[in-house]
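# Reading the structure
As a plain string of letters, each chain reads:
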Amino acid sequence: ISSGINAEYGEEFAEGLISVVRPAIENVDTQVQSLRTTQANLKDCIDNLSDDLAVIAEMQKELPNLEHYVKKLINIKRRVTTVNNVLTNVQDRVQTLQSRVSKEQARKRTLLSASTN
């Protein structure tokens, strides 16, 4: 009889313990499942980011070194500026010469018209 009571009491105790622990276990199981889903999403995001970074790295490898060309352009710009300055000086001199020629022509016309009168 006592072993029957102990067995019955043991089963009730086990059921009571399970009823207390079961919600906590189910809660932990739900949270673990959620964490696994989140971890899978994070892994997908990291994979996508890794692919994007690989594409960017490949694009950077394909870019030519432009420093040489930039230096050439700066040198050409300097030369163009120098030529422009020279042309401006030449244009100023030509205008000065044209002005002198016009004055000289006007003076000679005046002298010729005075001598013919």
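Scroll up to find the structure this text is about.
Please read these numbers as outputs of a predicted model, since none were measured by experiment.

## A few points about the overall build of the protein
- A tally of helices and strands in the protein yields two helices and zero strands.
- Here the C-alpha atoms of the protein give a radius of gyration of 49 Å, more than 25% beyond the 13 Å that 2.2 N^0.38 yields for 117 residues.
- Based on the C-alpha atoms only, the size of the protein along its principal axes is roughly 165 × 30 × 15 Å.
- Looking at the 117 residues of the protein, the share that counts as buried comes to 0%.
- For the protein, the computed accessible surface area is about 11100 Å², with 60% contributed by carbon and sulfur atoms.
- Side-chain charges in the protein split into 15 positive and 15 negative, and the spacing between the mean points of these groups amounts to 47 Å.

## Section: a nonpolar patch on the surface
- A surface patch of nonpolar side chains, amounting to about 490 Å² of accessible area, comprises Phe13, Leu17, Val20, Val21 and Ile25.
- The residue Val20 is located in helix 1 (residues 2-62) in this model.
- A residue is classified by how much of its surface remains accessible, and Val20, at 61% relative accessible area, is exposed.

## Some points on a negative patch on the surface
- Judged by side-chain charge, Glu8, Glu11, Glu12 and Glu15 come together as a negatively charged surface patch.
- Among the secondary structure elements, Glu11 is positioned in helix 1.

## Concerning the pattern of salt bridges
- On inspection of all chains with the given rule, the structure shows three salt bridges.
- Between Lys71 and Glu67 there is a salt bridge, with its nearest N and O atoms 3.5 Å apart. Here Glu67 and Lys71 lie together in helix 2 (residues 67-116), a separation of four residues that amounts to about one turn.

Rules behind the numbers
- Residues numbered from 1 in each chain as written.
- Predicted model: local features only at pLDDT ≥ 70, side-chain atom pairs only at ≥ 80, totals over all residues.
- Heavy atoms only, no water.
- Helix = DSSP H or I, 4+ residues; strand = E, 2+ residues; numbered from the N terminus.
- Rg over C-alpha atoms; globule rule 2.2 N^0.38 Å.
- Buried < 20%, exposed > 50% of the residue type's maximum accessible area, 1.4 Å probe, protein only.
- Areas by Shrake-Rupley, 256 points an atom, 1.4 Å probe, with all protein chains shown as cover.
- Lys, Arg positive; Asp, Glu negative; His and termini not counted.
- Charge placed at Lys NZ, Arg CZ, Asp CG, Glu CD.
- Patch = residues over 30% accessible without salt bridge, like charges linked within 9 Å, V, L, I, M, F, W, Y side chains within 5 Å.
- Salt bridge = Lys/Arg side-chain N within 4 Å of Asp/Glu carboxyl O.

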